[in-house]
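# Examination of the molecular architecture
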Amino acid sequence: MQIKKRTEKIISWSIAWACFLFIILGLTGGKSLGVTADEIWQNASLYTGQLNLDSRHYDNSTGYILKEWGGSEPAQDSEGRGISKTALLSWKPGVLTVNYADILGRQKQSTDKEVYGRLLLSLPADVAYADGNYRFVVKTGEKEAEFYKDLPEGKFALPLVKDTEKPYDPLTNPLQRSQIAWRTASGWVKLYIYPRSEAEARLELAVPHSALNKLELDESYYNSDGVLYADLKDPASELITPDGIKVRKEGLLSWSTGIVRANYADTLARQKSYDASDVSVYGVIKLKMPGYSGLLIIKKGDEDAYFSPVADGIIAVPLLADIYKPYDGVSNPLVKTTVAWKDENGLWNKFTLVPLLQTEQILQGAALATKSPALAPVLYNEKGELYADVVNKSGVLQAKDGKTILTRDNVLSWSGGFLAVNYAETLAGQKTEKGNGYLGLSYPENIAPSGDTPRLVIKVEGQEARFYEEEGNILWLPLLKKPGLSYHPQSNPLLEVQLAWRTEGGWQKITIKPQRESRKPLLKSQHPWAADTSIWFDEKSLYPATINGKERYFVEAVFVDDDGTLQRGNNFLSLLRQCEVVVAGGSSGSMVDEELLDYAESLEGEKKEAFINQYLFIRDTARKQVSLRLPIKKLLTQSRYEVRITSGLVFYENGEGNDFISWTFTTMAVPQITDIYVGSIGEDYDASYPLIIRGDFFYRSGITVKFNDIEASRVEVAVDSQGKPYLKVYLSEGSRRLPPGVYDIKVINNSNENYKAVLAGRLSVVPRGKEKLPGEGEWKREAASYGEVIESPDRREAVLYLKPSWQDRSYIFLDLEEIMPGNFSLRKIMFKGYRWPVIRELTVRSREGEVVFRNIRVNGQAEDTVITLGRINPAAISAVGYQLPHYRIRSHLIAVKAENAAFTGIETKIFFPAEKGEVFKVVRYDEDYRRFYDIPARIDYLNGEAVFTTVKPGIFVLIEP
């Protein structure tokens, strides 16, 4: 009986613990089984499918988004149009963009309480049952990721706004991003959710305005003499800079295309005006736009763009992060603001107001000082030794090495405008009348006499420049980000400071650079890495080791260890998990081998120590170095990776840990063949004449070409005039001469068959006297299902004779780079005959651009129709020389032609190298009239695209004054 009772008690406790663990695993965020939700999120792969939108968001009969759940009134955009559910979500691998998120953020989603702005998505079909464990990870806004066994509403309910108890407001309740992940049978997948307001989307398409000089400051801002009021309610007040300059409307604003610059912005930001409720506001510029009464788009700094109505043709542009607080360069800084409006043609125009600080201009124009200010005498004793406590004049400051006493002679080092503060970490602990974390300097000897105007400007790292407010006879300059608190390299680091002062002959400046004093680990080398980026690495050669029956790989950082005292950081294995190996510039998960780190973590005592010393932290006393090896999964070929080694992995006793380290490397690629001008050759071929193979990913440090198993006598990697690589392949001769037959062409990188491209049966060697050559200068070949291609390499031209079956389609997309690969300037498409219907949409794409012909049809009854897309030589147009003498050409001259065809419109994209710009524009050259015409276009500088619509073909080019 006692045994039975004891057994029942044990079972009862077991059930209780099981329930407790179930709750911990299923309902809470944080950690489970030692793994955090953030770690799961970081290692998840990108989701490539789509999730369904909850039907409560829209009207099932019309498909339009509703204003509120359960209602019938559709939500509307800024132009009063309904929003289709199909336009709401845009999907890319791993990314969901929520369009019109501001409108969805105002959607009321409950009848009995205030709930707004959630996005409800169905659960994916591939969610795996996790046997009671957690299955979902959700991360919203700035919150930490949380995980769940089951979602509260049985679907993803993601807040698009910061507070779902209130409707969206761009200033008080902005949009926020979310991230979700879920467990599948093959591992975790994740999805980024990016809300995008209608205003943000329209602002991106707006064109920088070129006639901004027509904008004028509203008359209510200045008096009859043109001097700005300091307070718009006080007609006697005048806005005056700290150095006594009256701010006038003349010269206040300057313009260039898309940019309005506001001078004296740090003074202008102190001007007091009033909002509609008569509440004081600061730093608001009102510009006149007579006759305009539509909506504006306002985007302040990095905040959400939002719509704002125009009152009486006046545009109110904020200069400050918070217009309801006075300007402060630290807590309420100046911001750039972009404004957009719709013109009479229905096109959005925009400009960006850029505030220019008087103090910044002073710093930029100041000359480098030839002599530094001295250390304030109050900081040291009669021996020149710095006090530990200046207030009580006690103690001396001793450096971290335990030996060096800080003195007036060794603390400051002067060199050409730069003042180094040695032992700055120790000096930051000195107790002064201002507290700790300050450097006290005497006033410069050549500073102008004090008076009513400021004579000092200070700019602390990460803050705006400002006039320095003088107190007493010592200049107190901050050494730390947070003076008054202890130094810490991450949370309270040392800061650089610029100081300028006015002299009788103008302004002079110095830069004060605090120097760290701790001993730091020194990086000796890293692998894989090479200064020559053309060197690639075999991903299977990265320190392969078989551990637990599985092949493992490592990347390595080697540190100097002269005296054998370099140590592992605390929580070494956890710090290794914070390291990353990711695709450079991509968003894929880290390739760190978490499985091997889990195994190392599971070991105990001597076994764990031995494992770490053998594979992860390898000390080489003979070479005086330590190799830190990070375990990684097998990498992909043909990829560029970035290694990120976290700080603090290794350190010296009484010193600091290593700094964050990053480098990039490229794995070996499989060659890519795009073009080869050969079909057959005679057996008496000339071995001194090379065969040309065009493509990419040819390894310069070692490439081999074989014909079946016969190796070419020589292979050279060359680059054409367009910067594209190609191979010059010299056929074998002598006893290894190719006999008649059909050959596979094999291109092999690094003499490794794992990196091989094969063109099967591409070369024929025919017996002497039986070779059939194509016509003079032309080559003919089949282009898969598209038709026949005639290539003219000498003229750098190719023509696709499209099969008649293609001409019966309503929508056609042709990638000319894929169909007609090679170094061609012009590519043409030939439509045979005249009996083909209207093609609703013909899209033609090449490396130069993309063209969409709308409703294209034959124009006539007898001739063939020819579509041309490509680049031409500027010398071919004599007008370029004298019609564009003051412009720089920023793209190829792109020919877009349609012979014997009619259409309703052409939508065109011109590709150009992505770069910063402000004044690019597109022009069209009319070959009949021999002149250029401006074309309205949207210029995307970041992605390198010029987008425009026209009804006339011609030759188009992107230019800049």
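Analysis parameters
- Residues numbered from 1 in each chain as written.
- Predicted model: local features only at pLDDT ≥ 70, side-chain atom pairs only at ≥ 80, totals over all residues.
- Heavy atoms only, no water.
- Helix = DSSP H or I, 4+ residues; strand = E, 2+ residues; numbered from the N terminus.
- Buried < 20%, exposed > 50% of the residue type's maximum accessible area, 1.4 Å probe, protein only.
- Contact = heavy atoms within 4.5 Å.
- Pairing = 2+ DSSP bridges.
- Axes fitted to C-alpha atoms, helices over the stretch in contact; angles between N-to-C directions.
- Core = buried A, V, L, I, M, F, W, Y, C linked by side-chain atoms within 4.5 Å.
- Domains from an automatic or database assignment.
- Arc of directions from axis to C-beta.
- Polar contact = N/O pair within 3.5 Å; in protein donor to acceptor, adjacent residues only side chain to side chain.
- Phe/Tyr/Trp six-rings, centres within 6.5 Å; stacked < 30°, edge-to-face > 60°.
- Lys NZ or Arg CZ within 6 Å of the ring centre and 35° of its normal.
- Salt bridge = Lys/Arg side-chain N within 4 Å of Asp/Glu carboxyl O.
- pLDDT = per-residue confidence, 0-100.

Glancing now at the overall build of the protein. Tallying secondary structure elements over the protein gives 13 helices and 70 strands in all. Classification of the 961 residues of the protein by burial places 49% in the buried group. The contacts of the protein with a sequence gap of at least 6 include a subset with a gap of at least 24, amounting to 64%.

Moving on: the sheet that holds strand 45 (residues 672–676). The 4 strands lie next to each other as 45-47-51-50, forming an open sheet whose pairing is antiparallel. In the strand order of this sheet, the two ends are held by strand 45 and strand 50 (714–719), each with one partner. Across the sheet, the mean angle separating the axes of adjacent strands is 30 degrees when strand polarity is ignored. For strand 50 and strand 51 (residues 725–730), the ladder comprises 6 bridges, and the chain directions are antiparallel. By the bridge assignment, V719 is partnered in strand 51 with P725.

In terms of nonpolar packing, the biggest core is built from 71 residues, with L119, F156, W182 and F351 touching the most fellow members. For this core, the two domains that each supply at least three residues are domain 1 (40–51 + 87–196) and domain 2 (211–271 + 280–356). Once residues within four sequence positions are removed from consideration, F351 is found in contact with L212, L215, G258, V260, L287, V317, T337, T338, V339 and W341. Counting 42 residues, the second largest nonpolar core, distinct from the first, contains F572, Y615, L630 and V650.

Right, let's get into helix 11 (residues 605–615). Taken as a whole, helix 11 has its buried residues at F611, I612 and Y615. End-on, the buried residues of helix 11 take up no more than an arc of 95 degrees, which puts them together on one face. For helix 11, exposure combined with an orientation more than 90 degrees from the buried face picks out G605, E606 and Q614.

Let us look at helix 10 (residues 594–602). All of the buried residues in helix 10 are E594, L596, L597 and A600. On an axial view of helix 10, the arc spanned by its buried residues comes to 160 degrees, and they lie on one face. Taking the backbone nitrogen of E595 as reference, a side-chain oxygen 3.2 Å away marks D593 as the first, capping residue of helix 10.

Further remarks concern unusual backbone geometry. Cis rather than trans, the peptide bond between H527 and P528 has omega equal to 5 degrees. Topologically, P528 is positioned in the loop between strand 35 (523–527) and strand 36 (545–547). Residue Y264 is not a glycine yet carries a positive backbone phi of 55 degrees. Mapped onto the elements, Y264 comes out in the loop between strand 15 (259–262) and helix 6 (265–268). Among the residues examined, Y264 registers a relative accessible area of 25% and is labelled partly exposed. Backbone geometry at K624 places phi at a positive 50 degrees, although glycine is not the residue there. Considering the arrangement of structural elements, one finds K624 in the loop between strand 40 (617–620) and strand 41 (625–632).

To continue, consider the environment of T565. Counting through the fold element by element, T565 comes out in the loop between strand 37 (550–560) and strand 38 (567–568). The class of T565 is partly exposed, set by a relative accessible area of 32%. When the C-alpha atoms of T565 and E653 are compared, they prove to be 7.4 Å apart, with 88 residues separating the residues in sequence. Leaving out residues up to four positions away in the same chain, T565 has contacts with R519, R619, F651 and Y652.

Next up on the list: the packing of aromatic side chains. One pass over the structure, following the stated rule, counts 19 aromatic pairs. Between F307 and W348, the ring centres sit 6.4 Å apart and the planes meet at 50 degrees, which makes this aromatic pair tilted. One end of the pair, F307, is in strand 20 (residues 306–309); the other, W348, is in strand 23 (residues 348–355), with 41 residues separating them in the sequence. Site record: aromatic cluster; members linked through ring pairs are Y47, F136, F156 and W182. The ring of F572 carries R568 above its face, with NZ or CZ at 5.7 Å from the centroid.

A few words on the environment of L759. Here L759 is to be found in strand 53 (residues 756–766). The residues contacting L759, other than those within four sequence positions of it, are I673, I676, Y743, D744 and I745.

As a further point, take the pattern of salt bridges. One pass over the full model with this rule turns up 53 salt bridges. Between E580 and R644 there is a salt bridge, with its nearest N and O atoms 2.9 Å apart. Placement of the pair is E580 in strand 39 (residues 580–583) and R644 in strand 42 (residues 640–645), with a sequence separation of 64 residues. Classification of E580 as partly exposed rests on a relative accessible area of 25%.

Looking now at the sheet that holds strand 21 (residues 314–318). Taken in spatial order, the 3 strands of this open sheet run 13-18-21, and their pairing is antiparallel. Edge positions in the sheet fall to strand 13 (216–217) and strand 21, since each has one partner strand and no second. Bridge count between strand 13 and strand 18 (residues 284–288): 2 bridges; the pairing is antiparallel. In the strand pairing of strand 18, E216 is matched with K288.

Relative to the helices and strands, N263 resides in the loop between strand 15 and helix 6. Looking at N263, the relative accessible area reads 15%, which means it is buried. With near-sequence residues (within four places) excluded, N263 lies in contact with G251, L252, L253, L356 and Q361.

With that settled, consider the pairing of strand 4 (residues 89–92). Where burial is concerned, the two faces of strand 4 differ: the one with L89 and W91 is buried and the one with S90 and K92 is not. One ladder, built from 4 bridges, connects strand 4 with strand 5 (residues 95–98); its direction is antiparallel. Considered in strand 5, the bridge of S90 is made with T97.

What follows deals with the environment of F617. As for its placement among the helices and strands, F617 is situated in strand 40. Sequence separation between F617 and L649 is 32 residues, and the spatial gap between their C-alpha atoms is 9.9 Å. Apart from residues no more than four positions distant in its own chain, F617 is found in contact with L566, Q567, R568, F572, I612, V626, S627 and V650.

We now examine the confidence of the model for the protein. For the protein, the average pLDDT comes to 84, and 90% of its residues sit at 70 or higher. Averaged over each element, pLDDT in the protein is lowest for helix 1 (residues 2–27) (40) and highest for strand 25 (residues 387–389) (95). The low-confidence segment residues 1–34, where pLDDT is below 50, has 29 contacts with residues more than four positions distant or belonging to other chains. The low-confidence segment residues 769–776, where pLDDT is below 50, has 6 contacts with residues more than four positions distant or belonging to other chains.

This brings us to the side chain of E797. Position of E797 relative to the elements: it lies in strand 56 (residues 797–802). On the basis of relative accessibility, which here comes to 15%, the residue E797 falls in the buried class. Other than its neighbours up to four places away in sequence, E797 contacts I790, E791, S792, F824, L826 and K828.

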